[in-house]
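# Structural characterization, general
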Amino acid sequence: MKKSKFAYSMMAVVLSSALVGGNALAETMTSKADNAADTAGAKIDSSVNKVSNYMGDSAVTAKVKSALVDDEAIKSTDISVDTTHGVVTLSGFVASQAEADQAVAAAKKVEGVKSVSDKLHVRDAKEQSPKAYAGDTATTGEVKAKLLADDIVPSRHVKVITTEGVVQLTGTVENQAQSDRAESVAKAVDGVKSVKNDLQIKP
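None of the values given here were measured: they were computed from a predicted structure. (Residues numbered from 1 in each chain as written. Predicted model: local features only at pLDDT ≥ 70, side-chain atom pairs only at ≥ 80, totals over all residues. Heavy atoms only, no water.)

All right, on to the overall build of the protein then. Helix and strand content of the protein: four helices and six strands. Considering only contacts in the protein between residues 6 or more positions apart, those separated by 24 or more positions represent 66%. As displayed, the protein has an accessible area near 13,000 Å², and 57% of this comes from carbon and sulfur atoms. (Helix = DSSP H or I, 4+ residues; strand = E, 2+ residues; numbered from the N terminus. Contact = heavy atoms within 4.5 Å. Areas by Shrake-Rupley, 256 points an atom, 1.4 Å probe, with all protein chains shown as cover.)

What follows deals with the pattern of salt bridges. A full pass over the atoms with the stated rule returns three salt bridges. Between Lys159 and Asp82 there is a salt bridge; the shortest N-O distance is 3.6 Å. Within this pair, whereas Lys159 is found in strand 4 (residues 158–163), its partner Asp82 is found in strand 1 (residues 79–84), the two being separated by 77 residues in sequence. Among the salt bridges present, the one from Asp150 reaches Arg181, with a minimum N-O distance of 2.7 Å. Highlighted residues: Asp150 in the loop between helix 3 (130–149) and strand 4 and Arg181 in helix 4 (residues 176–187), separated in sequence by 31 residues. Take Asp150: its relative accessible area is 11%, and that puts it in the buried class. A relative accessible area of 35% means that Arg181 is categorised as partly exposed. (Salt bridge = Lys/Arg side-chain N within 4 Å of Asp/Glu carboxyl O. Buried < 20%, exposed > 50% of the residue type's maximum accessible area, 1.4 Å probe, protein only.)

All right, on to the sheet that holds strand 3 (residues 115–122) then. Backbone-to-backbone hydrogen bonds join strands into a sheet, with any given pair of strands oriented parallel or antiparallel. The strand order 1-2-3 describes an open sheet built from three strands, whose pairing is mixed. Each end of this open sheet is capped by a strand with a single partner; those strands are strand 1 and strand 3. Ignoring which end each strand starts from, the neighbouring axes of this sheet average 10° apart. Bridge count for strand 1 against strand 2 (residues 87–94) is six bridges, and the pairing is antiparallel. Within the sheet, the bridge partner assigned to Thr83 lies in strand 2 and is Val88. Relative to strand 3, helix 2 (residues 97–108) is tilted by about 160°, and along the sheet it contacts strand 1, strand 2 and strand 3. (Pairing = 2+ DSSP bridges. Axes fitted to C-alpha atoms, helices over the stretch in contact; angles between N-to-C directions.)

Turning next to the pairing of strand 5 (residues 166–173). Along strand 5, seven of the eight residues are buried, which leaves the element largely enclosed by surrounding structure. As paired elements, strand 4 and strand 5 share six bridges and run antiparallel to each other. Looking at strand 5, one finds that Ile161 is bridged to Gln168.

A few words now on helix 2. In this model helix 2 runs 17 Å from its N-terminal to its C-terminal C-alpha over 12 residues, within 8% of the 16 Å that 1.5 Å per residue would give. Of all the positions in helix 2, only Glu99, Ala100, Ala103, Val104, Ala106 and Ala107 are classed as buried. In a view along the axis of helix 2, the buried residues occupy a sector of 165°, so they form one face of it. Away from the buried face of helix 2 by more than 90 degrees, exposed residues Ala98 and Lys108 are located. (Expected span 1.5 Å × (residues − 1). Arc of directions from axis to C-beta.)

With that settled, consider the sheet that holds strand 4. Reading across from one edge, 4-5-6 is the order of the three strands in this open sheet, with mixed pairing throughout. Of all the strands in the sheet, just strand 4 and strand 6 (194–201) have a single pairing partner and so form its edges. Ignoring strand direction, the axes of neighbouring strands in this sheet form an average angle of 10°. Two strands pair when backbone bridges link them, and strand 5 and strand 6 are joined in this way by eight bridges, in the parallel orientation.

Attention shifts here to the nonpolar core. Judged by nonpolar contacts, the single largest core of 18 residues is most densely connected at Val64, Leu68, Ile79, Val88 and Leu90. Elements with a contribution of two residues or more to this core: helix 1 (2–70), strand 1, strand 2, helix 2 and strand 3. Sequence-distant contacts of Val88, that is, excluding residues within four places in its chain, are made with Val60, Val64, Val81, Asp82, Thr83, Val113, Ser115, Val116 and Ser117. Membership of the second largest hydrophobic core comes to 15 residues, among which are Val153, Val167, Val185 and Leu199. (Core = buried A, V, L, I, M, F, W, Y, C linked by side-chain atoms within 4.5 Å.)

It is worth spelling out helix 4 at this point. Here helix 4 contains 12 residues, and its C-alpha end-to-end distance of 17 Å stays within 8% of the 16 Å for a straight helix at 1.5 Å per residue. Turning to helix 4, its buried residues number three or more, namely Gln178, Ser179, Ala182, Val185 and Ala186. In a view along the axis of helix 4, the buried residues occupy a sector of 130°, so they form one face of it. For helix 4, the capping residue at the N-terminal end is Asn175, with a side-chain oxygen 3.3 Å from the backbone nitrogen of Ala177. (Polar contact = N/O pair within 3.5 Å; in protein donor to acceptor, adjacent residues only side chain to side chain.)

Okay, structure coming up:
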């Protein structure tokens, strides 16, 4: 009888230990699940924010382009617009400094624009012949192709505009070596008179 009571007592101790251990395990599992959910939630929030920022920047770019087209004082069709976190970069060529200033002023008025980076250049000549325009288009295409084939330059982040043989590079690169390489590649293309390197290095 004593042995039986002792056996029951031991069984009770084992069972209570198992229950305590089980509760601790359950708490640990719950804690890990909560942490995993929090981490996943944070990643989703981060992704949503990135998409939201991208959509916001795209909308701002579209509004700025529309504002430039609607402004009668701006005649140039060679203005490129790029927006990153509300900062608008205007690049390309205009007929005069007054036109460049007007483009910057028009962009600043657009809702969602935090600031404007002016990378516009004034053309040397007022009118461009169809032949020169065709040549510039071909030059732009060739420079883009060379950059695309290059292993060092992140070509999808580099924009190319050519006016009368003058190539302007805008966009972002990761370091000075990539900026220098992009300029070097562009200069080596036939028909390129000079290169205006307005590439920005990511902070």
